[in-house]
Amino acid sequence: MQIGLVGLGRMGGNMTRRLLDGGHQVVVWDRNADTVKALAAGGAIGAASLDEFVSRLTAPRAVWLMVPAGDPTEQTVTALADVLQKGDTIIDGGNTHYKDDVRRAQMLAARGIDYVDVGTSGGVWGADRGYCLMVGGPREAAQRLTPIFRTLAPGHGAQPPSRGLDTAKTTAHEGFLYCGASGAGHFVKMIHNGIEYGLMQSYAEGFDILQNSSYGLSLGEIAELWRRGSVVSSWLLDLAALALAADPELKTFVGKVADSGEGRWTVDAAIEEEVAADVLATALFARFRSRRDHTFGEKLLSALRAQFGGHVEPTR
């Protein structure tokens, strides 16, 4: 299948490579010409401008955006709306607020352009592990993109479907899922990231207690131990073990922990729905406090963000 991809940063570039390896034709554009050239050398079709990018796509076109949420995405969607045609599809794979999806979908629908929002999880490891994809928007438009989703997603792998899951009626066990109408994909991803904040905070606090004990414990070995047969094992724990093996005292981190928006939006949604979200709210507030003083736990939070997403700890 042919797909256009705009935004070739940490995730966009890796997604392009995974799609190429899956046999798809990928047309790429980014403001960084060197990035475009590098991917073109690997088999992608590069474009020097947005107009050239669109001209290289065959109707009905499918354009996947991997650009920062907010104004960059808004500007790119607006620019594309002026050059795409009825029947084309824009896919937003960034971390957009779901309410913006609803608004953009309505604006584009008036022009006959479909808008599909895809919450994308996988970070810098997605090129090899695959990406967990949470899809929202018009069902028919999402279904047309199934070959793309199937290539980007992890697939069945060695993890068997949950007992009782009817795999004939869902694609969840493949690592991608149509979640519902416009905004549903990013809403699910927003909650996913809110939960991620809570999980990371739990590991951070636990390892902080271990670090401050009088036993002289080896945190790297404990993390490695817990990866095997423990009920607290997870990919995040795998990443913690990697970070602690490389830097047992996490000296390369100060502990200033940024937040990318979804944690705040999750707490906002909890308030709107009057749902108690004590852990998720506390995890968000802990990140705010980390910018004033720093604990070992906050260093681990920074290390985890660097491990799964390549996020650089803020300098101030």
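Remember, it's a predicted structure, so these values are computed and weren't measured experimentally. (Residues numbered from 1 in each chain as written. Predicted model: local features only at pLDDT ≥ 70, side-chain atom pairs only at ≥ 80, totals over all residues. Heavy atoms only, no water.)

Colleague: Would you mind showing me how to read the overall build of the chain here?
Modeller: Looking only at helices and strands, the chain has 14 helices and eight strands in total. A compact globule built from 316 residues should have a C-alpha radius of gyration of about 20 Å, and the chain, at 21 Å, falls within 12% of that. C-alpha atoms of the chain, sized along the principal axes, occupy 65 × 45 × 40 Å. The buried share of the chain, taken over its 316 residues, is 48%. Here the contacts in the chain between residues at least 6 apart in sequence split such that 67% fall between residues at least 24 apart. Entry remark: accessible area of the chain is about 15,500 Å², with carbon and sulfur atoms responsible for 53%. A distance of 3 Å separates the average location of the 31 positive side-chain charges in the chain from that of its 36 negative side-chain charges. (Helix = DSSP H or I, 4+ residues; strand = E, 2+ residues; numbered from the N terminus. Rg over C-alpha atoms; globule rule 2.2 N^0.38 Å. Buried < 20%, exposed > 50% of the residue type's maximum accessible area, 1.4 Å probe, protein only. Contact = heavy atoms within 4.5 Å. Areas by Shrake-Rupley, 256 points an atom, 1.4 Å probe, with all protein chains shown as cover. Lys, Arg positive; Asp, Glu negative; His and termini not counted. Charge placed at Lys NZ, Arg CZ, Asp CG, Glu CD.)

Colleague: Hey, could you run me through the pairing of strand β6 (residues 114-121) in this one?
Modeller: Looking down a regular strand, the side chains alternate between one sheet face and the other. The element β6 is largely enclosed, with a buried count of seven among its eight residues. Of the strand pairs in this sheet, strand β5 (residues 89-92) and β6 are connected by four bridges, and their pairing is parallel. When the bridges of β6 are listed, Thr89 appears paired with Asp114. This β-α-β element, β5 to helix α5 (residues 98-109) to β6, shows right-handed connectivity. (Pairing = 2+ DSSP bridges. Right-handed = clockwise from strand over helix to strand, strands pointing away.)

Colleague: What is the right way to read the pattern of salt bridges from this model?
Modeller: Pairing of side chains with opposite charge becomes possible as their charged atoms draw close. In total, this model carries 19 salt bridges according to the counting rule given. In this structure, the salt-bridge partner of Lys169 is Asp166, at a minimum N-O distance of 3.9 Å. Residue class for Lys169 comes out exposed when judged on its relative accessible area of 72%. Notably, a salt bridge pairs Lys251 with Glu249, separated by 3.7 Å at the nearest N-O pair. Residue Lys251 is classed as exposed on the basis of its relative accessible area, which comes to 64%. One continuous salt-bridge network, built from bridges that share partners, spans Glu74, Asp92, Asp100, Arg103 and Arg104. (Salt bridge = Lys/Arg side-chain N within 4 Å of Asp/Glu carboxyl O.)

Colleague: How should the packing of helix α10 (residues 219-226) against helix α11 (residues 235-246) be read in this particular structure?
Modeller: Helix packing for two helices is described by the angle between their axes and how far apart those axes are. At a minimum axis distance of 8 Å, the contact between α10 and α11 shows a crossing angle of 155°. Taken together, the axes of α10 and α11 are roughly antiparallel relative to one another. Considering the relative orientation of α10 and α11, their crossing is left-handed. The residues of α11 that touch α10, namely those facing Leu219, Gly220, Ala223, Glu224 and Trp226, are Leu237, Ala241 and Leu244. Split into classes, the residues belonging to the contact of α10 with α11 amount to six nonpolar, one polar and one charged. (Axes fitted to C-alpha atoms, helices over the stretch in contact; angles between N-to-C directions. Parallel < 35°, antiparallel > 145°, perpendicular 65-115°, else oblique. Left-handed = near helix turned anticlockwise from the far one by under 90°. Nonpolar A, V, L, I, M, F, W, Y, C, P; charged D, E, K, R; others polar.)

Colleague: Hey, could you run me through the sheet that holds strand β2 (residues 25-29) in this one?
Modeller: Backbone hydrogen bonds are what pair the strands of a sheet, in a parallel or an antiparallel way. Strand order in the open sheet formed by eight strands is β3-β2-β1-β4-β5-β6-β7-β8, and the pairing between neighbours is mixed. Two strands bound the open sheet, and with one partner strand each, they are β3 (45-46) and β8 (176-180). Relative to strand β1 (residues 2-6), helix α1 (residues 10-21) is tilted by about 165°, and along the sheet it contacts β1, β2, β4 (62-65) and β6.

Colleague: Before we go on, may I ask you to explain the state of the cysteines in this structure?
Modeller: Simply put, disulfide is the name for a covalent bond between the sulfur atoms of two cysteines. With the rule as written, the count across this model stands at zero disulfides. Lacking any disulfide linkage, Cys132 is separated from the closest cysteine sulfur, that of Cys179, by 8.7 Å. The class of Cys179 is partly exposed, set by a relative accessible area of 28%. (Disulfide = S-S within 2.5 Å.)

Colleague: Would you take a moment to explain the side chain of Arg18 for this structure?
Modeller: In this structure, Arg18 sits in helix α1. Although buried, Arg18 forms no salt bridge, and the nearest oppositely charged side chain, Asp128, lies 6.3 Å from it. A polar contact of 2.9 Å, which involves the side chain of Arg18, links it to the backbone oxygen of Thr151. (Polar contact = N/O pair within 3.5 Å; in protein donor to acceptor, adjacent residues only side chain to side chain.)

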